[in-house]
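Chain residues, written in single-letter form:
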Amino acid sequence: MDNSKRPQIGVSACLLGEQVRFDGGHKKSSLLTDRLRDVFDFQAFCPEVAIGMGIPRRPIRLIERGGQVRAVGSKDADLDVTDKLAGYAASLEAKISHLDGYVFMQKSPSCGVFRVKLYNESGDAVIGVRAGVFAAKVMQAHPNMPIEEAGRLNEPALLENFVVRVCCYREWKEQVLAAPSPDKLQAFHRRYKYLLMAHHPQDQILLGNIAAQARAGSMKGVLEQYETSLMRCLAHRAQRKNHFHVLTNISKVLRKTMSAWQKREWDAVLTDYRHGVIPLVAPLTLLKHYCSATQDGFLAEQAYLQPYPSHLGLRNAI
Ligand code: SF4
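Note that the structure is a prediction, hence the values are computed from the model and not measured.

Undergrad: Kindly report on the site of the ligand, identifying the contributing residues and their values.
TA: With respect to spatial proximity, 14 residues lie near the ligand, and among them A13, C14, C46, E48 and C111 are the closest. Across the shell around the ligand, the residue classes tally to eight nonpolar, three polar and three charged.

Here it is, written out as structure tokens:
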């Protein structure tokens with residue numbers, strides 16, 4: 001990947017090995033530091049250190065108080081850093097508005113996204129789960145930005161989904177938003193047709209209808225609608241049955257030029273993929289080979305064939 005086009009990812013600083021946790025430790029993720037660093041550039045943030053809590057510091061947790069979620073000291077509920085954390089998130093706007101994604105540390109009352117424990121006011125019972133205060137503010141300000149928790153990235157399908165979303169979001173901003181035109185929007189949609197279909201066929205049709213409405217000079221509303229629907233579409237994990245459907249669709253075009261032997265080979269590989277015997281990389285490798293032989297321009301440009309750098313090997317595991 002060209003360095004100037006490397007996606008820029010915000011990360012909880014402790015995940016990069018920075019010793020910023022309340023106890024002076026870190027939560028280094030080798031997936032980030034060894035594998036994804038190869039294709040992404042990281043920008044680290046530790047909100048608790050940034051608001052002056054120091055290292056080491058008193059741990060905090062989320063409680064419900066007066067109908068509000070507050071981040072307070074685990075042992076000293078008078079220590080309330082909710083407003084400082086929210087204020088820090090707001091102050092970062094200029095530094096994070098260019099980001100193509102964000103990986104947060106799970107379970108943290110500041111950085112967690114999905115299942116941070118929420119306690120009752122006295123702190124003796126868990127009454128629900130919430131996003132951490134800082135993460136919630138970042139997500140509120142950037143509802144379309146791909147977000148994930150580091151722990152969930154150990155699941156191959158979630159990792160693949162996050163990388164797809166990040167790379168697509170980056171390309172969307174570069175290829176369309178940087179200098180929008182109806183032609184660019186429609187070219188983008190053409191290139192992503194099969195990838196979107198693999199993630200959510202109905203949304204792919206909806207996105208096509210939105211792109212078709214684009215008219216020069218009045219694109220703001222269409223772009224906003226397209227971006228929101230695009231990221232919602234990709235947030236659906238591409239299921240094996242949808243991949244099978246897309247592979248079958250693409251191969252309909254290619255069958256016209258395949259020999260009888262190639263058709264048998266393709267059908268056998270597709271059947272094995274459908275039944276979960278082989279991973280997605282197997283039919284895709286064959287498909288790319290057939291595509292390059294036909295020199296079909298529409299197929300050759302499809303993001304589905306190569307949505308992110310292939311050396312990440314993510315399609316070996318799904
Ligand atoms: S989870 Fe967030 S607040 Fe906690 S140490 Fe890591 S970066 Fe800092």
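Undergrad: So what's going on with the sheet that holds strand β5 (residues 101-104)? Which residues, and what values?
TA: Read across the open sheet, the four strands follow the order β2-β1-β5-β8; overall the sheet is parallel. Two strands lie at the open edges of the sheet, namely β2 (41-45) and β8 (147-149), each paired on one side alone. Adjacent strand axes in the sheet meet at a mean angle of 25 degrees, parallel and antiparallel pairs treated alike. Along the sheet, helix α5 (residues 133-141) contacts β5 and β8; its crossing angle with β5, the most-contacted strand, is approximately 165 degrees.

Undergrad: An account of helix α8 (residues 201-212) is needed here, citing residue identities and associated values.
TA: The terminal C-alpha atoms of α8 lie 17 Å apart, and with twelve residues this matches the ideal 16 Å at 1.5 Å per residue to within 8%. For α8, the complete set of buried residues consists of D203, Q204, L207, G208, I210 and A211. Buried residues along α8 cover an arc of 165 degrees about the axis, so they all sit on one side. Across from the buried face of α8, at angles greater than 90 degrees, the exposed residues are Q202 and I205. Each element contacted by the buried residues of α8 is listed here: α7 (182-199) and α9 (220-235).

Undergrad: Give me the UniProt feature "domain: DUF1722" (unreviewed entry) in the protein chain: which residues, what numbers.
TA: Taking the numbering used here, the UniProt-annotated feature "domain: DUF1722" (unreviewed entry) corresponds to residues 193-309. In this annotation, residues 193-309 is assigned 72% helix and 0% strand; the end-to-end C-alpha distance for the span is 19 Å.

Undergrad: I'd like a rundown of the sheet that holds strand β7 (residues 126-130), residues and numbers included.
TA: Ordered by their spatial adjacency, four strands build an open sheet running β4-β3-β6-β7, and the pairing between neighbours is mixed. If you trace the sheet from one side to the other, it starts and ends with β4 (68-73) and β7, each paired once. Taken pair by pair, the neighbouring strands of this sheet meet at an average axis angle of 40 degrees, ignoring direction. In terms of strand pairing, strand β3 (residues 60-65) meets β4 through six bridges, oriented antiparallel. Its bridge partner being in β4, L62 is matched across the sheet by A71.

Undergrad: Kindly report on the packing of aromatic side chains, identifying the contributing residues and their values.
TA: If you walk through the whole model with that rule in mind, you get eleven aromatic pairs. Relative to F134, the ring of Y88 lies with its centre 5.7 Å away and its plane at 25 degrees, an arrangement referred to as stacked. Of this pair, Y88 sits in helix α3 (residues 82-91) while F134 sits in helix α5; the two residues are 46 residues apart in sequence, bridging distant segments of the chain. Each member of the pair, Y88 as well as F134, carries the same accessibility label: buried. Aromatic side chains F104 and F134 sit 6.3 Å apart centroid to centroid with 75 degrees between the ring planes, which places their arrangement in the edge-to-face category. On the criterion of sequence distance, the pair formed by F104 in strand β5 and F134 in helix α5 is long-range, its members being 30 residues apart. This pair shows no difference in class: F104 is buried, exactly as F134 is. Taken together through their ring pairs, the aromatic side chains of F45, Y88, Y102, F104 and F134 make up a single cluster. Across from the ring centre of F114, 4.2 Å away, lies the NZ or CZ of R152, which sits over that ring. In this structure, R315 is placed above the aromatic ring of Y304, and the distance from its NZ or CZ to the ring centre is 5.2 Å.

Undergrad: Just give me the short version of the packing of helix α10 (residues 240-255) against helix α11 (residues 260-274), but keep the residues and values in it.
TA: Two elements in contact, α10 and α11, have axes separated by 10 Å at closest approach and are oriented at 170 degrees. In this view, α10 runs roughly antiparallel relative to α11, as classed from their interaxial angle. Of α11, the residues touching α10 (which contributes R240, H243, F244, L247, T248, S251 and R255) are K263, W266, D267, L270, Y273 and R274. Across the contact of α10 with α11, the residue classes break down as five nonpolar, three polar and five charged.

Criteria and thresholds
- Residues numbered from 1 in each chain as written.
- Predicted model: local features only at pLDDT ≥ 70, side-chain atom pairs only at ≥ 80, totals over all residues.
- Heavy atoms only, no water.
- Near = heavy atom within 4 Å.
- Nonpolar A, V, L, I, M, F, W, Y, C, P; charged D, E, K, R; others polar.
- Pairing = 2+ DSSP bridges.
- Helix = DSSP H or I, 4+ residues; strand = E, 2+ residues; numbered from the N terminus.
- Axes fitted to C-alpha atoms, helices over the stretch in contact; angles between N-to-C directions.
- Contact = heavy atoms within 4.5 Å.
- Expected span 1.5 Å × (residues − 1).
- Buried < 20%, exposed > 50% of the residue type's maximum accessible area, 1.4 Å probe, protein only.
- Arc of directions from axis to C-beta.
- UniProt positions renumbered as here; feature names shortened; annotations may be inferred.
- Phe/Tyr/Trp six-rings, centres within 6.5 Å; stacked < 30°, edge-to-face > 60°.
- Lys NZ or Arg CZ within 6 Å of the ring centre and 35° of its normal.
- Parallel < 35°, antiparallel > 145°, perpendicular 65-115°, else oblique.

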